[in-house]
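# Structure assessment
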Amino acid sequence: MRFHSLLLLFLLTVWAWALDGEEGREEEAKAPEEATPGPLSDELLEEDDILVLTQHNFGRALREHRYLLVEFYAPWCGHCRALAPEYAKAASLLKNESSELKLAKVDGPAEKELVEEFGVTGYPVLKFFQDGDRSQAVEFTGPRKAEGIVHWLKRRLGPAATQLETEAEAAQLIDSQDIVIIGFFKDLQDEDVAGFLAVAKDAFDLTFGFTDRPELFQKFGLSKDTVVLFKKFDEGRADFPVDEELGLDQADLSRFLVVHSMHLVTEYNRETSSKIFGSRILNHLLLFINQTLTPHKKLLTGFREAAPPFRGEILFVVVDVAAENDRVLQFFGMNATDAPTLRFINIETIKKYVPNTEEITAASVTTFCQDILGGKIKPHLRSQEIPADWDQKPVKVLVGKNFEQVAFDESKNVFVKFFAPGCAHCKEMAQTWEDLAEKYKDHEDIIIAELDSTANELEAFTIRGFPTLKYFPAGPERKVIEYTSARDLETFSKFLDSGGVLPEPEEPEVPILEVGTNNSKGHKDEL
C-alpha cells in the first residue's frame, strides 16, 4: 500500500506508512443520508464498457457472463474515484478478449442488499464470480492498476501453469523470468497436481510450469515429486518436496513460495514495499544506512552473511536514509544522522527493538536477532518528556513516562484520548474533549487526559487507531474499558456519571470498516 497525505503518516499499523500513493486502501462503508436506489428493471446498462448492476439485474448479469468481476464502490469514496479510470481502462483492454468476461460495478450505498449479501465492509472491494455462482465469490487480490487487473483475470481464466515436455522447454521457461516455479509430478492425474495448479492460479505474479517427464526429473536431480523455485539471485534454487504420505499442502506451498521468492536482503523502495508487507513474515530487521557513503555500504556484507539462518522467520531489509524514506525514519523516531544503525520490529504487535551496541557485523546482527527471538531484549518504548504543566489545564497531558502513574491511580477514574496530531477525526472531536474536561475539572476523582500515540508507546497495550478512547476506573484491578459509543458531550457525560458503563445505542448498527476499524457512531483512523 502506498499513502501520500500527511494525515496518513499517522494511520498505519506498521512502518509501511512511508509509502506514497493509495493503492489497495479501503474506505469505510458508511452510507450517505440518502441513497438513490437502482432501477427496478433487470436491463443491463453500461458505462465505459462496465456493467452497472443493481439487485434487480445482478442475477441476469451472472447468467449472461460466465466470468464477472464486480467492483463495490461508493460515490463519495476517494479511493473509489482513484480506481475508476484504471478500472475503466481494464474494461477497455478486455473488451475484445472474450464475451464470457465482463467488468461490472455496484453503487454500494444504493444497493444495501447486495452489500449485505456479499459481506462488503469497505470501499472499493472487488469480487470475482464464475459460472453464475453468487455463493462462491472470490476476493480480488491483484494490484489495482489496469494492467494488474487484466493480468489477474487472465490468470484466473487461463492455464495457471505451462506443461513442459522437453529440457529445452524447461530451460526456456526458467530463463524467461527472475523467478519460475516448476512442479515435478510423476503422475499428472494425482490430486497433488490439482493443488499445485490451485496455488499457481492465486499466485498471479509468478510464472509456473509442471511436468511428468522422467528426463526432467533426472536433469534437475529429483527422485520424487517436488516443487522447485528457480531464481536468478541468492542461492538460485529452493526445493519443496511433496510429502509422500500427506501429499501437497497448499498453505505450506504458498508460504514457501512467498518466503523463497524474496531476496535474503531486500532494499526498501516503492517497488519492493508491497512484497515486504505481503511476505507474511512478521519480524523485520532494518539496516539504516546512507548508500552514498562507502563505509556504510561495507556494512551490507555482514548484514547479508547473518541473514540465511533466519530466512522465513525474519525479513532483512535495507533502508537508504539518503533516499526518500523520511517517513520511515520518523516512524522509528530517528533522523538520517542516526545511520548506520539497526531496528527490529514485529509488525503484528508493533513492538520495536533497539540494539545495545553500535557494532554492525554478521556476529552482532546474529546475536541481536537471537536475543530478541529468545526474549532476552525488551521492546524499546518511545516517550516524550513530561511537560512541566502537564496537569495545569482541564485536559491532562500524558506521555509514556507518566502514563502508568496517572492512568492506573487507584483513587482516580481516568478517561484517556489516544490521538495523532494529523488525524482528522481527532481534530473533529478536540473541542468536545476540551468541553468534557472543563465540565469535570472540579471532580477530584475524574481525570480527562490525552496522549499523543505517535510520540509515545506503552507497554500495557498497543494503540492501533485514532482516536482511541479508554477508561481506567479507580481501584486496584487495573481494569481498562474500551469506549465504543457516540462521541458527543452528552454521551461522554452519561458514561462518566455511570462509572464507565457504556450507553446502549439508540438503534442497532451494522459493523462498518474504515481501513481498519470503526467505532459505533464514531470514527477511527487506523495507525
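Here the structure is shown first, and the text comes after it.
Below you will find a few notes about this structure.

What counts as what
Residues numbered from 1 in each chain as written. Predicted model: local features only at pLDDT ≥ 70, side-chain atom pairs only at ≥ 80, totals over all residues. Heavy atoms only, no water. Helix = DSSP H or I, 4+ residues; strand = E, 2+ residues; numbered from the N terminus. Expected span 1.5 Å × (residues − 1). Bend = angle between axes of the 7 residues up to and from the residue. Buried < 20%, exposed > 50% of the residue type's maximum accessible area, 1.4 Å probe, protein only. Pairing = 2+ DSSP bridges. Contact = heavy atoms within 4.5 Å. Axes fitted to C-alpha atoms, helices over the stretch in contact; angles between N-to-C directions. Phe/Tyr/Trp six-rings, centres within 6.5 Å; stacked < 30°, edge-to-face > 60°. Parallel < 35°, antiparallel > 145°, perpendicular 65-115°, else oblique. Left-handed = near helix turned anticlockwise from the far one by under 90°. Nonpolar A, V, L, I, M, F, W, Y, C, P; charged D, E, K, R; others polar.

## Concerning helix H2 (residues 78–94)
Its 17 residues place the ends of H2 25 Å apart at the C-alpha level, agreeing with the 24 Å of an ideal helix rising 1.5 Å per residue. A bend of about 35 degrees at alanine 84 is the largest found in H2, and the proline proline 85 appears one to four places after it. Buried residues of H2: His79, Cys80, Leu83, Tyr87, Ala88, Ala90, Ala91 and Leu94, and no others.

## Some thoughts on the sheet that holds strand E9 (residues 162–163)
Overall, mixed pairing links the 5 strands, which are arranged E9-E11-E10-E12-E13 in an open sheet. Either end of the sheet is taken by a strand with one partner, and the two such strands are E9 and strand E13 (237–241). Inspection of the sheet shows strand E12 (residues 226–231) paired to E13 by 5 bridges, in the antiparallel sense. Each residue of the ladder has a partner; that of leucine 229, found in E13, is alanine 238. The strands touched by helix H6 (residues 191–202) are strand E10 (179–184), strand E11 (207–211) and E12; relative to E11, the strand with the most contacts, the crossing angle is about 165 degrees. Lying on the sheet, helix H8 (residues 250–261) is in contact with E10, E11, E12 and E13; it crosses E12 at an angle near 20 degrees.

## Some words on unusual backbone geometry
Following tyrosine 123, the chain continues into proline 124 via a peptide bond in cis, with omega recorded as -10 degrees. As for its position among the elements, proline 124 is in the loop between strand E6 (122–123) and strand E7 (125–130). Of the consecutive residues phenylalanine 466 and proline 467, the connecting peptide bond is found in the cis state with omega at -20 degrees. Within the secondary structure layout, proline 467 lies in the loop between strand E22 (465–466) and strand E23 (468–472). Positive phi values are uncommon outside glycine, yet arginine 280 reaches one of about 65 degrees.

## With respect to the environment of phenylalanine 415
Among the structural elements, phenylalanine 415 can be located in strand E20 (residues 413–419). Residues phenylalanine 415 and glycine 500, spaced 85 residues apart in sequence, show a C-alpha to C-alpha distance of 9.1 Å. Each residue touching phenylalanine 415, except ones within four places of it in the same chain, is listed here: Trp433, Leu436, Ile447, Ile448, Ala449, Leu469, Lys470, Tyr471, Tyr483, Phe492, Phe495 and Leu496.

## Concerning the packing of aromatic side chains
Between two aromatic rings, the relevant description is the distance of the centres plus the angle of the planes. Enumeration according to the criterion identifies 36 aromatic pairs in this entry. Plain terms: the ring middles of tryptophan 76 and tyrosine 123 are 6.0 Å apart, the flat faces sit at 75 degrees to each other, and that makes the pair edge-to-face. Of this pair, tryptophan 76 sits in the loop between strand E4 (67–73) and H2 while tyrosine 123 sits in strand E6, placing them 47 residues apart in sequence. By relative accessible area, tyrosine 123 is classed as buried at 2%. A centroid spacing of 4.9 Å and a plane angle of 75 degrees characterise the contact between tyrosine 483 and phenylalanine 495, whose relative ring orientation is edge-to-face. With tyrosine 483 in the loop between strand E24 (481–482) and helix H15 (489–497) and phenylalanine 495 in helix H15, this pair connects stretches of sequence that are 12 residues apart. For the pair shown, tyrosine 483 and phenylalanine 495 are each scored as buried.

## With respect to the packing of H6 against H8
Close contact between H6 and H8 brings their axes to 10 Å; oriented N to C, the two are set at 45 degrees. Judged by the inter-axis angle, H6 sits oblique to H8. Viewed along their axes, H6 and H8 form a crossing whose handedness is right-handed. Across from Gly195, Phe196, Ala198 and Val199 in H6, the residues of H8 making contact are Gln250, Leu253, Ser254 and Leu257. Tallied by class, residues from the contact of H6 with H8 come to 5 nonpolar, 3 polar and no charged.

## What to know about the packing of H2 against helix H4 (residues 146–157)
When two helices pack together, their arrangement is given by the angle between the helix axes and the distance between those axes. Interaxial distance between H2 and H4 falls to 8 Å at its minimum, and their mutual angle equals 50 degrees. Classified by the interaxial angle, the pair formed by H2 and H4 is oblique. The way H2 lies across H4 gives a crossing that is right-handed. For the pair formed by H2 and H4, the contact residues are Leu83, Glu86, Tyr87, Lys89, Ala90, Leu93 and Leu94 on the first element and Ala146, Glu147, Ile149, Val150 and Leu153 on the second. A class-by-class count of the residues in the contact of H2 with H4 yields 9 nonpolar, no polar and 3 charged.

## Things to note about the sheet that holds E20
What links the strands of a sheet is backbone hydrogen bonding, and the strands pair in either a parallel or an antiparallel sense. Ordered in space as E19-E21-E20-E23-E24, the 5 strands form an open sheet in which the pairing is mixed. This sheet does not close on itself; its edge strands, each paired only once, are strand E19 (395–398) and E24. As judged from the 4 bridges shared by E19 and strand E21 (residues 446–452), these two strands associate in the parallel manner. Bridge pairing in E21 links valine 397 to glutamate 450. Running at roughly 160 degrees to E20, helix H14 (residues 424–439) makes contact with E19, E20, E21 and E23 of the sheet.

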